[in-house]
Amino acid sequence: MYCTRKICEDIYWVGSEDRRLALFENLFPIPRGVSYNAYLILDEKTALMDTVDRSVGGQLLENLAHLLHGRPLDYLVVDHMEPDHCATIGELALRYPQMQIVGNAKTIQMIRQFYDFDLEGRTHLVKEGDQLCLGAHTLQFVMAPMVHWPEVMLAYELKEKILFSADAFGTFGALNGNLFSDQVNFERDWLDDSRRYYTNIVGKYGPQVQAVLKKAAGLEINMICPLHGPIWRENLGWFLEKYDRWSRYEPEDRAVAVFYGSIYGHTENAANLLMNLLSEAGVKNIAAYDVSSTHVSHLIAEAWRCSHLVLAAPTYNMNLYPPMESFLRDMKALNLQNRTVAVIENGTWACASGKHMRGLLGEMKNMTVLENGVCLASSMKESQLDSMLQLRDALVASLNQA
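Residues numbered from 1 in each chain as written. Predicted model: local features only at pLDDT ≥ 70, side-chain atom pairs only at ≥ 80, totals over all residues. Heavy atoms only, no water.

Draft legend 1. Just a nonpolar patch on the surface, in detail. A cluster of nonpolar residues, Ile263, Tyr264 and Tyr316, forms a patch on the protein surface that exposes about 370 Å² of accessible area. Tracing the backbone shows Tyr316 in strand β19 (residues 306–316). Residue class for Tyr316 comes out partly exposed when judged on its relative accessible area of 38%. (Patch = residues over 30% accessible without salt bridge, like charges linked within 9 Å, V, L, I, M, F, W, Y side chains within 5 Å. Areas by Shrake-Rupley, 256 points an atom, 1.4 Å probe, with all protein chains shown as cover. Salt bridge = Lys/Arg side-chain N within 4 Å of Asp/Glu carboxyl O. Helix = DSSP H or I, 4+ residues; strand = E, 2+ residues; numbered from the N terminus. Buried < 20%, exposed > 50% of the residue type's maximum accessible area, 1.4 Å probe, protein only.)

Draft legend 2. Region of interest: the pairing of strand β21 (residues 339–346). Counting buried positions along β21 yields eight of eight residues, so the element is predominantly enclosed. Burial along β21 is two-sided: the face carrying Arg339, Val341, Val343 and Glu345 and the face carrying Thr340, Ala342, Ile344 and Asn346 are both buried. Note that β19 and β21 share seven bridges and pair parallel. Residue pairing for β21: Leu311 is matched across the bridge by Val343. In this region the chain leaves β21, passes through helix α12 (residues 353–361) and returns to the parallel neighbour strand β22 (residues 367–369); the handedness of that crossover is right-handed. (Pairing = 2+ DSSP bridges. Right-handed = clockwise from strand over helix to strand, strands pointing away.)

Draft legend 3. Broad picture of the side chain of Ser181. By secondary structure assignment, the location of Ser181 is in the loop between β15 (162–164) and α5 (186–189). Ser181 has contacts with Phe186, Pro230, Ile231, Trp232 and Glu234, leaving out every residue within four places of it along the chain. (Contact = heavy atoms within 4.5 Å.)

Draft legend 4. Seen up close, the packing of helix α6 (residues 191–202) against helix α8 (residues 236–247). It is at 11 Å that the axes of α6 and α8 come closest, and there the two elements cross at 40°. Our classification of the angle between α6 and α8 gives oblique. Of the two elements, α6 crosses α8, and the hand of that crossing is right-handed. Within the contact between the two elements, α6 uses Leu191, Ser194, Arg195 and Tyr198 and α8 uses Trp238, Phe239, Lys242, Tyr243, Trp246 and Ser247. In terms of residue class, the contact of α6 with α8 is built from six nonpolar, two polar and two charged. (Axes fitted to C-alpha atoms, helices over the stretch in contact; angles between N-to-C directions. Parallel < 35°, antiparallel > 145°, perpendicular 65-115°, else oblique. Left-handed = near helix turned anticlockwise from the far one by under 90°. Nonpolar A, V, L, I, M, F, W, Y, C, P; charged D, E, K, R; others polar.)

Draft legend 5. Looking closely at the environment of Leu67. Of note, Leu67 is situated in helix α1 (residues 57–68). Accessibility expressed as a relative area gives 15% for Leu67, which makes it buried. Separated by 55 residues in sequence, Leu67 and Tyr12 place their C-alpha atoms 8.7 Å apart. When sequence neighbours within four positions are dropped, the list of residues in contact with Leu67 reads Thr4, Tyr12, Val14, Leu40 and Leu42.

Draft legend 6. Spatial organisation of the sheet that holds strand β1 (residues 5–8). Across the sheet, which stays open at both edges, the seven strands sit in the order β1-β2-β7-β8-β9-β10-β11 with mixed pairing between neighbours. Among the strands making up the open sheet, the edge pair consists of β1 and β11 (123–125). On average, adjacent strands in this sheet sit at an angle of 25° to one another, irrespective of strand direction. Where strand β10 (residues 100–103) and β11 come together, three bridges link them in parallel fashion. Bridge pairing in β11 places Val102 opposite His124.

Draft legend 7. Molecular detail of the environment of Tyr249. By the element assignment, Tyr249 lies in the loop between α8 and β17 (253–260). With a relative accessible area of 4%, Tyr249 lands in the buried category. Once the C-alpha coordinates of Tyr249 and Thr199 are considered, the two residues, 50 residues apart in sequence, prove to be 9.7 Å apart. Contact partners of Tyr249, with chain neighbours within four places excluded, come to Gly203, Lys204, Tyr205, Gly206, Pro207, Trp304, Leu334, Asn335, Leu336, Gln337, Asn338 and Arg339.

Structure follows, in structure tokens:
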């Protein structure tokens, strides 16, 4: 049965939901599922804006057959060639033999890498600023390389002033019938997943996102239609500000997040003591995460959100506790920067974890590591309370800086 939604005159959502998938990209937990968005423009010419993942490809085909009602599909616009958005290109090429595939040079190259069907005479190449007239509706193309693949482009519809934004402005989570962001409590129920989506998938490419935001600033946008998550038609500035901040690697909140790894509980105890001392000093909304039991995608998202990070970890085989090392290497790979970091280290044979944490932090940009660290020899002792208080005071002083 078809399942479509009209989003404005002549333009329809024809995507689908997947609540069965456990790991997005076989990496990121998505307990609320994910949406695969595609959009159909019905004008003198018809145009499909991207396709969907193979797992929901049948739903897309039913949606198209219902809305086209025997009409040809004239154009398939491919804004992004990742398989969760391009998996049904081959099927569409068979069903609609006259269909022209619209993309840039890198798009066509990738189609040839993924598919074997003959593209001769079936492509419509576009570049920055080119337009495609469908009748009353015209698409203008904005190149967005490395947001987050090299072929990515955005399509701006001039009549309704809609930005088809590829993976930009997307989020994890199935839509549950509420297609628009103003139909849900986005800040309460969706912002965390949106931040986790951005930081883990697009986060490395902040400069490229900034370049696209500058292009978008020159467009009058009434609606943003991403390939995952809700469509934006209200309060666009609020969400654009989030993307601006995230892509500049500036924290959203002046807050402390404590990330600890603990084998037998002694390092966790030290982390708990610091959090109690911070609370007594007036610090609110402290977040805490066990790096061994919290998926690293959540750790990354919280490191992006908070201005101050506490890393507490034991020495393991004269190196760093592996889950903490993995977290720090992910931070580096995703280009996180501009944070203040405090270190608590622990060791029974020798205290080496702090050296390794500081070494990894030193490979990142603009990370301020507080000199006041705490080094435990197996467990926290009363004699080390002064060191912990000094670390607390350094964190509070840094938090209170303008």
